[in-house]
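# Observations on the model geometry
If you want the building blocks of each chain, they are given just below.
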Amino acid sequence: MSTIRLGNRGEDRAPLVRDVVPLAGIDQLVFGAWDPVADTAYDAAVRCGVLDRLTHIEPIAGELKGIEPMPAAFDQNYVRRLDGPNVKPGGSKRDLAEALRKDIREFRAAHSCDRLVVICCASTEIFLEPGPAHQDAGALEAAIDANDASIPPSMLYAYAALREGLPFINGAPSLTIDVPAMAELAGVAGVPIAGKDFKSGQTLVKTVLAPMLKARMLGLRGWYSTNILGNRDGEVLDDPDSSRTKEQAKLGVLGHMLQPGLYPQLYGDVHHRVRISYYPPRG
Amino acid sequence: MQIKVDFLCRDSILAAPLVFDLVLFADLAQRAGLAGVQGWLSFYFKSPQLLPGAHAEHDLFIQRAELENTLRALMGEEARP
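Values in this document were obtained by computation on a predicted structure and should not be read as measured data.

## Details of the overall build of chain A
Helices and strands together make up the secondary structure of chain A, namely 12 helices and 5 strands. Counting the 283 residues in chain A, one finds 35% classified as buried. Residue pairs at least 24 apart in sequence account for 69% of intrachain contacts in chain A once pairs closer than 6 positions are excluded.

## Overview of unusual backbone geometry
Residue and element names in this part refer to chain A. Residue Lys-196 follows Gly-195 across a cis peptide bond; omega there is -10°. Mapping Lys-196 onto the fold places it in the loop between β3 (192-195) and α9 (202-215). Positive phi values are uncommon outside glycine, yet Ser-112 reaches one of about 50°. Within the fold, Ser-112 resides in the loop between α5 (93-110) and β1 (118-120). Looking at Ser-112, the number of C-beta atoms within 10 Å reads 7, which means it is exposed. Phi is positive for Thr-176, which is not a glycine, with a value near 45°.

## Observations regarding the interface of chain A and chain B
Listed as interface residues are 50 residues of chain A and, on the opposing side, 43 residues of chain B. Here the element with the most residues in the side of chain A that touches chain B is α9(A); it accounts for 8 residues. Within the side of chain A that touches chain B, the residues separate by chemical class into 31 nonpolar, 11 polar and 8 charged.

## Thoughts on the domain arrangement of chain A
Taken as a whole, chain A is organised into domain 1 (38-66), domain 2 (70-195) and domain 3 (202-278). Inter-centroid distance (C-alpha atoms) of domain 1 of chain A to domain 3 of chain A is 34 Å.

## Quick notes on the confidence of the model for chain B
Within chain B, residue pLDDT values average 93, and 100% of them lie at 70 or more. Interface predicted TM-score (ipTM) for the complex: 0.96; the corresponding pTM is 0.94.

## Thoughts on the sheet that holds strand β1 (residues 36-37) of chain B
The strand order across the open sheet built from 4 strands is β1(A)-β2(A)-β3(A)-β1(B), with neighbouring strands paired in parallel fashion. Edge positions in the sheet fall to β1 of chain A together with β1 of chain B, since each has one partner strand and no second. Across 3 bridges, the pairing between strand β2 (residues 168-170) of chain A and β3(A) is parallel. Each bridged residue has a counterpart across the sheet, and for Ile169(A) the counterpart in β3(A) is Ala194(A). Across the sheet, helix α1 (residues 11-31) of chain B touches β1, β2 and β3 of chain A, and the angle it forms with β3(A) is around 150°.

## Quick look at helix α8 (residues 180-189) of chain A
Buried within α8(A) are the following residues: Ala181(A), Met182(A), Ala183(A), Leu185(A), Ala186(A) and Ala189(A). Along its buried surface, α8(A) packs onto α6 (137-145), α7 (153-163) and β3 of chain A together with β1 of chain B. A positive backbone phi angle near 70° is found at Gly190(A), which sits one or two residues after α8(A).

Rules used throughout
Residues numbered from 1 in each chain as written. Chains lettered and ligands numbered in written order. Predicted model: local features only at pLDDT ≥ 70, side-chain atom pairs only at ≥ 80, totals over all residues. Helix = DSSP H or I, 4+ residues; strand = E, 2+ residues; numbered from the N terminus. Buried ≥ 20, exposed ≤ 12 C-beta atoms within 10 Å, placed from the backbone. Contact = placed C-beta atoms within 7 Å. Nonpolar A, V, L, I, M, F, W, Y, C, P; charged D, E, K, R; others polar. Domains from an automatic or database assignment. pLDDT = per-residue confidence, 0-100. Pairing = 2+ DSSP bridges. Axes fitted to C-alpha atoms, helices over the stretch in contact; angles between N-to-C directions.

In structure tokens, the structure reads:
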């Protein structure tokens with residue numbers, strides 16, 4: 001829907017983005033998913049109640065019912081507050097990675113896709129820091145073979161996508177592709193990667209307001225942010241190790257924008273707090 | 001001075017358009033031969049992943065300018081502020 005200005009302001013050239021770069025059309029897309037919860041897209045949409053059933057969901061019920069999630073590579077050690085029956089049978093991390101690659105190839109064949117993109121919209125995993133297993137592609141392969149604890153499920157999905165030559169986008173705050181080994185795999189495979197953590201709500205507002213304060217050189221003493229959420233995202237974040245991953249992603253932005261090193265009097269002592277509360281009535 | 005924002009929203013409705021944009025742009029990037037970390041997509045992320053040594057940009061409007069200038073470059077147009 002967005003336009004892009006070309007040339008000088010007076011030229012009045014503002015075509016739609018999709019008319020000037022060759023984007024795939026929405027009607028050319030097909031959707032698939034992995035999910036430990038076995039609900040079809042229709043069941044999930046009705047149960048979550050985000051969209052209006054009569055206005056939004058029923059008119060496309062046929063398509064939504066056709067989207068059945070594939071069994072997930074899931075490990076509760078990395079997402080403790082989540083469980084579901086639609087998971088691949090326990091095996092080694094190498095077995096799971098290969099099973100995901102097989103899923104990708106079968107999906108491509110079943111839907112006659114020319115191209116695929118994998119995008120992670122999964123729940124937040126526990127906080128992990130980059131370690132030796134993440135430093136290069138060889139170490140990553142060895143860690144997958146060794147069933148190393150530093151390889152969470154999200155990395156198996158990313159690994160599977162990159163090895164199949166597919167772009168991978170990380171919409172969650174989990175470590176996943178934010179390590180040298182994944183950047184190396186992407187470079188070798190010639191595929192783009194990007195992440196992490198969709199900027200959809202509170203941080204979106206923060207990254208608009210903070211530049212305003214800085215543009216006027218208005219000092220800041222503190223910024224208190226609280227997130228009250230009652231959906232499954234909130235439930236997962238009720239685990240301190242998962243919320244730590246999320247809070248880390250949210251905390252960095254102010255320091256980068258306000259440059260306290262350049263403006264110590266204005267921004268040298270900002271108290272930035274980020275809290276996340278699980279509150280089921282606000283689902 | 002105090003600013004209070006009460007942003008009551010449905011996160012999945014805010015996230016869905018990001019999913020579409022990112023899938024379409026990732027596919028475009030691949031066809032354009034752009035491999036590895038795509039810093040120009042920072043616009044969509046809280047914690048943008050960057051190449052080693054690159055400076056993180058969080059200001060939404062600077063991020064949008066980077067996104068648009070990458071698209072302009074892909075179509076052979078000049079960068080704009």
